[in-house]
Structure formats: structure tokens, C-alpha cells
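# Coordinate inspection notes
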Amino acid sequence: MTYATIDGRGSGTTGVVRVPSPLWRLDYSDITTTSDEIPFFNCQVMDAEDPNRFVHIVTLNFPDFRGMKDKPELRKEQWVKTFYEGHHDYYFVINARCIGAYHVKIQVPETYMGT
């Protein structure tokens, strides 16, 4: 289930998000572009307790967007990252170029909702 979302159009940094489960997913499949020439999306998952620690970095460039342009079902399958480290605080740094909008979802198992 979706626990939290990160919605935007441009670059920015989120506040701290506490992930309540040991297993969670980052779904970044819902991104629209304003240009097919030079789209770029980068999401850095950062450890809130150690700001020098990158937990994971997602980068999508022109070939990624071009390859998935007419394949929304494949995006839902492939533009997702599963984390096996949770019960932790994170923040997210987003860098975007020629992105119309993004809707990034932090998903946790349903049993952890409300904890």
C-alpha cells in the first residue's frame, strides 16, 4: 500500500520520512516529460541519520524515457526499487529536467499501515 508520496515538477528535497516496515518499495513509474529530447530524473534516497550516506540513487535519462514511452505496464514493473532496510528515517533529493510532473510512491506492506 502507498504510505507516502512525493509529488512535484522540479527539483527539491523532501522532509524526513519514517518508513515503518523492514521492507518497502519506491515506485517512480508515474513521471511525465515536457520534452522528448532531454528529460532527466534523479532521486537520491538519503539516510536521515547520516546525511553523507546514499541509500540508493535512481537516474532516468533520455534512453530510459524513450524506451518506455508507449509501455506504461512495463514502467509499473521496472521503475520500482525494493528496499530490505526499513524501520528508518529517510529523505529524498529530486533533480528534474524537462519533467512535467512526478508522483513517486513509498509503499509498505498493508500490515504496517497505521503503525
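Structural notes, computed from the coordinates. What you are looking at is a predicted structure, and each value in this text was computed from that prediction instead of being measured.

### Considerations on the overall build of the protein chain
Helix and strand counts for the protein chain come out as two helices and nine strands. Along the protein chain, helices (α) and strands (β) appear in the sequence β-β-β-β-β-β-α-α-β-β-β when read from the amino end. Projecting the C-alpha coordinates of the protein chain onto the three principal axes gives extents of approximately 40 × 30 × 20 Å. Residues counted as buried form 39% of the 115 residues belonging to the protein chain.

### Let's talk about unusual backbone geometry
The phi angle at His87 is positive, at roughly 50°, despite the residue not being glycine. When you line up the elements, His87 lands in the loop between β7 (80–83) and β8 (88–97). Here Cys98, not a glycine, exhibits a phi torsion of approximately 60°, which is positive. Of note, Cys98 is situated in the loop between β8 and β9 (99–107).

### Points about the sheet that holds strand β4 (residues 24–33)
With antiparallel pairing, the four strands of this open sheet are ordered in space as β1-β9-β4-β7. The open sheet terminates on both sides in strands that have one partner only, identified here as β1 (2–8) and β7. Pairs of neighbouring strands in the sheet enclose a mean axial angle of 15°, with direction left out of account. Note that β1 and β9 share six bridges and pair antiparallel. The residue of β9 that forms the bridge with Ile6 is Val104.

Conventions we followed
- Residues numbered from 1 in each chain as written.
- Predicted model: local features only at pLDDT ≥ 70, side-chain atom pairs only at ≥ 80, totals over all residues.
- Heavy atoms only, no water.
- Helix = DSSP H or I, 4+ residues; strand = E, 2+ residues; numbered from the N terminus.
- Buried < 20%, exposed > 50% of the residue type's maximum accessible area, 1.4 Å probe, protein only.
- Pairing = 2+ DSSP bridges.
- Axes fitted to C-alpha atoms, helices over the stretch in contact; angles between N-to-C directions.

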